[in-house]
Amino acid sequence: KKEVIVVGAGLAGSEAAYQLAKRGIPVRLYEMKQQKKTEAHHYDYFAELVCSNSLGGDHLGNASGLMKEELRLLDSLLVRVADETKVPAGQALAVDRHGFSEKITQILRNMENITIVEEEFKEIPKDQYVLIASGPLTSDALFTELLTLTGEESLYFYDAAAPIVSLESIDMNSAYFQSRYGKGEGEYINCPMTREEYEAFYTELIHAERAPLKKFEEEKLFDACMPVEKIAMSGEKSLLFGPLKPKGLINPKTDKMDHAVVQLRQDDKDGKLYNMVGFQTNLKWGEQKRVFSMIPALKQAEFIRYGVMHRNTFINSTKLLEKDLSLKTQNNLYFAGQITGGEGYVAAMATGCMAAINIANKLQGKEPFILEDVTAIGALIRYITEEKKKFQPMGPNFGIIRSLEGKRIRDKKERYLEMSRIAIEYLKNKIKML
Ligand code: FAD
């Protein structure tokens, strides 16, 4: 039987290895973490979540929620384990990051068809099926190999991660538990600020010292991870409509809406750690402590992890890839995950799943498994593989999913629910052909 090499046991690679192995295809899974870790990976586990512990919305009025539902139908290992290790997060699916990765690692290590090679993968053999899922921080050696192979300029930009504080160090005399607009079970910790406190904080934030960036840093930023100081610099009120938005929250101590509110979200299963929502930053660590401690509830905060910014790498998939995620010029070489420009955790799982199904189909002499753009997965893959002048990475969203034909539903929520219903019905039928 032909063996498939999967490079990277991240979100895409772990899902792909599972999908291949469960179809009886032997997998050689390369992961370099034991030897060396990227700037964003800290643990030896597979499928590590490098920033937020949230996988986004988990309902059918949300495109990421629809994509997860589609993945459930495709028997996704990662979404199943996410469901099993979830922590309270309102309408989102957030997980205990350690429990999630640990469980996936255990399952993959115990699968009969998977051989794990804990080394950096540097050279792509021509005569074997290979899936590259080495992520936004692909090692330099492999990146150079990819440049030579594709003959295309790959693109670089920076991502940002938010700080994490310990629950016990948060001043709950100042902060309070509540969910925005009462949606969810009040699981967020809210840190209020008065106008004076906000203004003082704002001034320090925009003047704080930032970590030096490399020469290509300013090119593009991952939208959902725009650094908080960068948002602040676009205007004094910008934070009040962004990460410090007070709307939808009533301070139970005053029965009023505060001037500004920093939200904290549970980051681990035991609820001992909280991340600062929307506070991805490139400030120097000492500056993070100084400036973020100006938030009254965080005056004595213990920072378990500081925010950081990272390189992000992706290929120009619109020119290079077929819809089955194989390279146009070498159809035994496939790509999945952030490196395809499919953006975010769930998109990585989805492209990993689809690339694996397509490799399996090819090995078994079956037709490619291409989903139409009525589905969140099909729409995303179409978007990243379709020619366009300027390619920007893309995550799940209703804007790229095919709109309803012959039907007008004015209410956005109702429309999205109907689109989701169609997607699920379509996918259920399509799966019968697998
Ligand atoms: P990864 O999960 O990074 O997996 C790639 C794996 O390949 C890693 O384990 C790595 O060690 C390994 N590897 C790399 N090169 C080699 C090699 N040559 N040989 C062997 N192994 C190799 N998305 C979100 O949805 N939410 C967020 O909050 C978010 N925050 C992010 C923060 C940062 C700092 C970064 C960099 C990205 C963030 N992303 C976020 C984007 C993206 O969704 C994640 O990076 C996601 O993990 C991508 O999945 P992946 O499988 O493509 O890559």
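Residues numbered from 1 in each chain as written. Predicted model: local features only at pLDDT ≥ 70, side-chain atom pairs only at ≥ 80, totals over all residues. Heavy atoms only, no water.

Looking at the site of the ligand
Then, number 1: Neighbouring residues of the ligand: 33 residues in total, closest A12, E31, Q338, G344 and Y345.
Then, number 2: Between the ligand and G344 there is a distance of 3.3 Å, counted from an oxygen atom to a backbone nitrogen or oxygen.
Then, number 3: Protein chains shield 96% of the accessible area of the ligand, which is 970 Å² for the free molecule.
Then, number 4: Put simply, the parts of the chain that give the shell around the ligand at least two residues each are α1 (11-22) and α10 (345-363).
Then, number 5: Looking at side-chain class alone, the shell around the ligand contains 16 nonpolar, 12 polar and 5 charged residues. (Near = heavy atom within 4 Å. Polar contact = N/O pair within 3.5 Å; in protein donor to acceptor, adjacent residues only side chain to side chain. Areas by Shrake-Rupley, 256 points an atom, 1.4 Å probe, with all protein chains shown as cover. Helix = DSSP H or I, 4+ residues; strand = E, 2+ residues; numbered from the N terminus. Nonpolar A, V, L, I, M, F, W, Y, C, P; charged D, E, K, R; others polar.)

Examining the sheet that holds strand β3 (residues 54-57)
Then, number 1: The sheet built from 3 strands is open, its strands ordered β3-β5-β4 with antiparallel pairing. Only two strands of the sheet have a single partner each, and these edge strands are β3 and β4 (86-87).
Then, number 2: Note that β3 and strand β5 (residues 92-95) share 2 bridges and pair antiparallel. Bridge pairing in β5 places S54 opposite A94.
Then, number 3: Packing of helix α2 (residues 63-73) onto the sheet brings it into contact with β3 and β5, and relative to β3 it is tilted by some 110°. (Pairing = 2+ DSSP bridges. Contact = heavy atoms within 4.5 Å. Axes fitted to C-alpha atoms, helices over the stretch in contact; angles between N-to-C directions.)

Quick look at the side chain of S52
Then, number 1: Positionally, S52 belongs in the loop between β2 (27-30) and β3.
Then, number 2: Looking at S52, its side chain comes within polar contact range of the side chain of R265, at 3.0 Å.
Then, number 3: Apart from residues no more than four positions distant in its own chain, S52 is found in contact with R97, R265 and Y345.

Overview of the sheet that holds strand β16 (residues 326-327)
Then, number 1: An order of β6-β2-β1-β7-β17-β16 is seen for the 6 strands of this open sheet, with the pairing classed as mixed. Only two strands of the sheet have a single partner each, and these edge strands are β6 (114-117) and β16.
Then, number 2: When strand β7 (residues 129-132) meets strand β17 (residues 330-335), the two strands line up parallel, connected through 3 bridges. Residue pairing across strands places I132 opposite F335, the latter belonging to β17.
Then, number 3: Helix-sheet contacts for α10 involve β1 (4-7), β7 and β17, and the interaxial angle to β17 is about 155°.

Side note on unusual backbone geometry
Then, number 1: One non-glycine residue, A47, adopts positive backbone phi at about 50°.
Then, number 2: You can call A47 buried: its relative accessible area is 0%.
Then, number 3: The residue D255 is not glycine, and still its phi comes out positive at about 60°.
Then, number 4: Structurally, D255 is set in the loop between α7 (228-233) and β12 (260-266).
Then, number 5: Judged by its relative accessible area of 62%, D255 falls in the exposed class. (Buried < 20%, exposed > 50% of the residue type's maximum accessible area, 1.4 Å probe, protein only.)

Focus: the nonpolar core
Then, number 1: If you look at the biggest cluster of nonpolar residues, it comprises 95 residues, and the most contacted ones within it are F100 and I132.
Then, number 2: If one sorts the elements of this core by residue count, α10 sits on top with 13 residues.
Then, number 3: With near-sequence residues (within four places) excluded, F100 lies in contact with L11, A47, L49, L78, V81, A82, T85, V95 and M349.
Then, number 4: Core analysis: the second largest hydrophobic core is formed by 32 residues, L239, L264, L283 and I295 among them. (Core = buried A, V, L, I, M, F, W, Y, C linked by side-chain atoms within 4.5 Å.)

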